[in-house]
Amino acid sequence: MMPAKGRYNWDKLDRELESIVATGARPMLCLCMKPPVLFPKLDEKVVHPSSYPEWEGFIEQFVRHVNTERK
């Protein structure tokens, strides 16, 4: 969802949301993703992003996309 710093790609998320909504269900999202841009080391023990301001920007854009753009 975050291929590069400051860039977002919601295509896969949108497909998932559309498939859920198509069943008549209302999606409930759990934020359990670790974009490699902010978590460059593949390690389940790493729980802090490399940049909190960039993580906050990602979450802000994520919520905006889901709540405002996708309704």
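Residues numbered from 1 in each chain as written. Predicted model: local features only at pLDDT ≥ 70, side-chain atom pairs only at ≥ 80, totals over all residues. Heavy atoms only, no water.

**Some points on the packing of helix α1 (residues 11-22) against helix α2 (residues 52-69)**
- Viewed as axis vectors pointing N to C, α1 and α2 meet at an angle of 35°, and their least axial separation amounts to 12 Å. The two elements α1 and α2 meet at a crossing, and its hand is right-handed. For the pair α1 and α2, the contacting residues are Leu 13, Asp 14 and Leu 17 in the first and Phe 62, His 65 and Val 66 in the second. (Axes fitted to C-alpha atoms, helices over the stretch in contact; angles between N-to-C directions. Helix = DSSP H or I, 4+ residues; strand = E, 2+ residues; numbered from the N terminus. Left-handed = near helix turned anticlockwise from the far one by under 90°. Contact = heavy atoms within 4.5 Å.)

**Here's the deal with the environment of Leu 38**
- Mapped onto the elements, Leu 38 comes out in the loop between α1 and α2.
- If we ignore the near neighbours within four places in the chain, the residues touching Leu 38 are Met 2, Pro 49, Ser 50, Ser 51, Glu 54 and Trp 55.

**Describing the layout of surface pockets**
- By volume, the largest pocket is sized at about 330 Å³.
- For the largest pocket, the lining is made up of 13 residues, of which Leu 17, Pro 27, Val 66, Asn 67 and Lys 71 are closest to its centre.
- When residues of the lining of the largest pocket are assigned to their parent elements, the largest contribution, 4 residues, is made by α2.
- Residues that form the lining of the largest pocket fall into these classes: 8 nonpolar, 1 polar and 4 charged. (1 Å grid on protein atoms, 1.4 Å probe; cavity = no way out; pocket = protein on both sides within 12 Å on 5 of 7 lines; lining within 4 Å. Points joined across faces, edges and corners; volume = space filled by probe spheres on them. Nonpolar A, V, L, I, M, F, W, Y, C, P; charged D, E, K, R; others polar.)

**Concerning the nonpolar core**
- Within the largest apolar cluster, 12 residues are counted, these being Met 2, Trp 10, Leu 13, Leu 17, Met 33, Leu 38, Phe 39, Trp 55, Phe 58, Ile 59, Phe 62 and Val 66.
- If you list the elements that add at least two residues to this core, you get α1 and α2.
- The greatest single-element share of this core, amounting to 5 residues, is contributed by α2.
- When residues no more than four places from it in sequence are discounted, the contact partners of Leu 13 are Met 1, Phe 62, His 65 and Val 66. (Core = buried A, V, L, I, M, F, W, Y, C linked by side-chain atoms within 4.5 Å. Buried < 20%, exposed > 50% of the residue type's maximum accessible area, 1.4 Å probe, protein only.)

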